[in-house]
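Results of the structural survey
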Amino acid sequence: LFVNVSENPPRKIPNTMFGISFEEINHSGAGGLWAELVSNRGFEAGGQNTPSNISPWSILGDESLIFVSTDRSSCFDRNRIAPRMEVLCNTDGGNMCPAAGVGVYNPGFWGMNIEQGKTYKVTFYVRSLQPIEMSVSLIGSNALQKLATADIIDENVTNWTKKEILLQAAGTDPNSRLQLTTRKKGTIWVDQVSAMPLSTHKGHGFRQDLFNMLADLKPGFIRFPGGSFVEGEWLVNAFRWKETVGAWEERPGHFGDVWQYWTDDGLGYFEYLQLAEDLGALPVWVFNNGISHNDQVDSSVILPFVQDILDAIEFARGDPTSTWGSVRAAMGHAEPFDLRYVAVGNQDCGNKNYRGNYMKFYTAIKGAYPDIKIISNCDGSTRQLDHPADLYDFHVYTNANSMFSMAHNFDHNSRSGPKAFVSEYAVTGNDAGRGSLLKALAEAAFLLGLEINSDVVEMASNAPLFVNANDWRFNPDAIVFDSSKVYGTPSYWMQHFFKESNGAILLNSKLQANSSSSLIASAISWKNPDSNRSYLRIKVVNFGSNRVSLKVSVDGLDKNSIEVAGSTITTLMSSNAMAENSFSEPKKVAPTTSQLENASNRMNVVLAPYSLTSIDLLR
Ligand code: AHR
């Protein structure tokens, strides 16, 4: 491998080159990154009509003790359904309530993770014609022990009343539930029940362990909220940003019909923008352009949709006194968010109304916000787009061999025109397992090709990002979690090798190998902002089953300027190319780093079969 460090002029890799694509899929937001513990907190998931199914809420007590129905008496206009609990038993007398009480409980998303010593804020709304005596409890799965409880005694709640309670857990159980119970005869309505750990990232509602997994990748951007989730099977079920902002109690929630689950939309448009800011990543908002998988709005009547998107941009960027900027400010963020990229739809180019709709969005957005970069769904990699765009979206899901070959996909493309946003790439099928090393290596080779072609590719992200192991709708994914645990697949760890590439200088590198070579390499020079030290990084994928002894020769770098003590070699490998991580072996395939003893401008490096290697020479 020949590397030249004195290329002139130096070519900077875009700051946004490697990022993440967050989709509400596999319960990655609801029941995932969004730390809300209650599932279906507004009781609306069964629909707006009565009787409505309140699942996964369950009733505690048989029909001789309590009768629960639903009516439309909630105090929230956009979500009227509330459960009505008719309590038939009493504290004493013939029909005495059981000691545990009767009521309703919510198991969260396959169990709530309650941890000893941590505090949980429970909020709910309640109404009753009689004074109430209720208990609010966090209950563990082990013999239904109480982990925390608080009583509300003799309170007058004839009008809907908001209750906020802090519960500190006396024990730990990742499979707990929240219970609202009583032992007093009467009728009680409850609604908008929330349980949030206080320990979310900056108090912004993001589950800290999952947030950390993202922050550790140092993403240059975050694309949200999909994916197909943006489109919906039907337009009526698409993500509508206006329904996801403002007070959480007032958000109607919606059924994401592509991935077939309800979300309360606690993780709404504002929270996505906040997430981007907290990650130090630029937000890339993918909006619905009037096209779903099964229906579409004609371009002649698309203007209200266009106005809706202009409103969204004003919400993100507008002055706090503007109509929508003031809504953002009222939510606690007076400063505008740094929204610079929007994508017009997801995978919609083939639809008959796409170009017509796209042009209406494009013209209106560019007119009002000329600096915003607009991403088209049409592939501009093989032919020139027939419409204006700053970037074009490029998705690839394929097997490992073809992903490996796709490292050269952009080598011969036109160097002018809109740049590529590779917003979804992944190896799928048998090669991928549930996240194999083989998958990660083929994807690494693809990314090395993108890095080399970063003059025509501006952004890239793996997809999907997250999966809740209880709802594996789309396989494979980068990060796997349940209520209390998380691990990265080899693909996740592979992305760590690229986190210094954003804003780095691409170096000229040339592999001298035969045409059937299983190697792909790239070289960059980057600076560690903490130590202010510069590194030369060489990354190589060995996609073959043989060990390779690689001769590395770096021109333009004085041997004596290399600090051997600070130079390292990092590898991602396993004796089995199909090896995967799991909850029991979360780091079976993860990078290992050691000092590079023979660091020099001329050196031999041994590449293990099926491996990704990164060599960092400290200068
Ligand atoms: O990443 C999973 C899905 O794959 C996305 O929702 C969609 O854009 C693609 O088809």
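Each value, and the rule that gives it
Each chain has its residues counted from 1, following the order in which its sequence is written. The model is predicted, so local features are restricted to residues of pLDDT at least 70 and side-chain atom pairs to those at 80 or more, both for listing and for counting; the totals for chains, interfaces and linings are taken over all residues. Helix and strand definitions follow DSSP, with helices as H or I runs of at least four residues and strands as E runs of at least two, each counted in order from the N terminus. Any residue with 12 or fewer other C-beta atoms within 10 Å of its own C-beta is exposed, any with 20 or more is buried, and the rest are partly exposed; the C-beta atoms used are placed from the backbone. Working definition of a contact: two residues with C-beta atoms, positioned from the backbone, lying within 7 Å. Paired strands, in this sense, are two strands between which DSSP finds at least two bridges. By convention a crossover is right-handed if, when the strands point away from the viewer, the path from the first strand over the helix to the second runs clockwise. When buried Ala, Val, Leu, Ile, Met, Phe, Trp, Tyr and Cys residues are joined through C-beta atoms within 7 Å, the set is termed a nonpolar core. Note that the domain bounds reflect an automated or database-derived domain assignment. Here, nearness is defined through the C-beta atom: a residue counts as near a molecule or strand if that backbone-placed atom lies within 6 Å of it. Residues were grouped as follows: Ala, Val, Leu, Ile, Met, Phe, Trp, Tyr, Cys and Pro as nonpolar; Asp, Glu, Lys and Arg as charged; and all remaining residues, including Gly, as polar. Orientation is described by axes fitted as lines to C-alpha atoms, over the contacting stretch for helices, and by angles from 0 to 180 degrees between their N-to-C directions. By this rule the span expected of a helix is its residue count minus one, scaled by 1.5 Å. Handedness of each helix crossing follows the sense of rotation of the near helix against the far helix: counterclockwise by less than a right angle gives left-handed, clockwise gives right-handed.

Along the backbone of the chain there are 9 helices and 34 strands. Oriented by its inertia axes, the alpha-carbon framework of the chain measures out at about 90 × 60 × 40 Å. By the burial criterion, 51% of the 619 residues in the chain qualify as buried. For the chain, the share of sequence-separated contacts (at least 6 apart) that also reach a separation of at least 24 residues comes to 74%.

Within the element layout of this structure, Asn581 appears in the loop between β31 (563-573) and β32 (592-595). Assessed through the 23 C-beta atoms surrounding it within 10 Å, Asn581 is described here as buried. Through-space distance from the C-alpha of Asn581 to that of Val396 is 24 Å; in sequence the pair is 185 residues apart.

Moving on, we come to the pairing of strand β20 (residues 373-376). Where burial is concerned, the two faces of β20 agree: the one with Lys373 and Ile375 and the one with Ile374 and Ser376 are both buried. Alignment of strand β19 (residues 341-344) against β20, held across 3 bridges, turns out to be parallel. Within β20, the position partnered with Tyr341 by the bridge is Lys373. The β-α-β motif built from β19, the intervening helix α6 (residues 354-368) and the parallel element β20 has right-handed crossover chirality. One ladder, built from 2 bridges, connects β20 with strand β21 (residues 391-398); its direction is parallel. Along β21, the bridge assignment pairs Ile375 with Leu391.

Ile222, Ile375, Leu441, Ala442, Ala444 and Ala445 are the most contacted members of the largest nonpolar core, which totals 179 residues. Residue contributions to this core reach at least three from each of two domains, namely domain 1 (20-33 + 200-430 + 455-463) and domain 2 (58-197). Once residues lying within four places of it in the same chain are set aside, the contact partners of Ile375 are Tyr341, Val342, Ala343, Val344, Ala389, Asp390, Leu391, Tyr392, Asp393 and Phe421.

Taken together, the residues surrounding the ligand are Glu23, Ile25, Gly226, Gly227, Ser228, Asn346, Gln347, Glu424, Ala463, Pro464 and Phe474. In the shell around the ligand, the residues fall into 4 nonpolar, 5 polar and 2 charged.

Backbone torsion omega between Ala463 and Pro464 reads -20°, so that peptide bond is classified as cis. Among the secondary structure elements, Pro464 is positioned in the loop between β23 (457-462) and β24 (466-468). Backbone torsion omega between Asn475 and Pro476 reads 0°, so that peptide bond is classified as cis. Not every positive phi belongs to a glycine, and Asn26 is a case in point at roughly 60°. In this fold, Asn26 is placed in the loop between β3 (20-21) and β4 (58-60). The residue Asp265 is not glycine, and still its phi comes out positive at about 60°. Relative to the helices and strands, Asp265 is located in the loop between β17 (261-263) and α3 (269-279).

As a further point, take the sheet that holds β24. Read across the sheet, 3 strands follow the order β24-β25-β26 without closing on themselves; strand pairing throughout is mixed. Two strands in the sheet have a free side with no partner beyond their single neighbour: β24 and β26 (486-488). Ignoring which end each strand starts from, the neighbouring axes of this sheet average 20° apart. Bridging between strand β25 (residues 479-481) and β26 involves 3 bridges; their strand directions are antiparallel. If you follow Ile479 over to β26, its bridge partner there is Gly488.

What follows deals with the domain arrangement of the chain. Segmenting the chain into domains produces domain 1 (20-33 + 200-430 + 455-463) and domain 2 (58-197). Domain 1 and domain 2 are separated by 37 Å when their C-alpha centres are compared. Domain 1 puts 8 residues into the contact, and the matching count from domain 2 is 7 residues. Of the residues that constitute the side of domain 1 that touches domain 2, the class distribution is 1 nonpolar, 5 polar and 2 charged.

Under the 1.5 Å per step criterion, the end-to-end length of helix α4 (residues 303-317) is 21 Å for 15 residues, consistent within 8% with the ideal 21 Å. Taken as a whole, α4 has its buried residues at Ile309, Ala312, Ile313, Glu314, Phe315, Ala316 and Arg317. For α4, the elements touching its buried residues are α3, β18 (282-287), α5 (325-330) and α6.

Turning next to the sheet that holds β3. The 8 strands are arranged β3-β15-β18-β19-β20-β21-β22-β23 in an open sheet whose pairing can be described as parallel. The open sheet has two free edges, formed respectively by β3 and β23, since each of these has just one partner strand. Taken strand by strand, helix α8 (residues 437-452) contacts β22 (419-427) and β23, and its axis lies near 170° from that of β22.

α6 packs onto α4 with a crossing angle of 35° between their chain directions and a minimal axis gap of 10 Å. The way α4 lies across α6 gives a crossing that is right-handed. Judged by residue contacts, Leu303, Val306, Ile309, Leu310 and Ile313 of α4 engage Lys360, Phe361, Ala364, Ile365 and Ala368 from α6. The residue inventory of the contact of α4 with α6, partitioned by class, reads 9 nonpolar, no polar and 1 charged.

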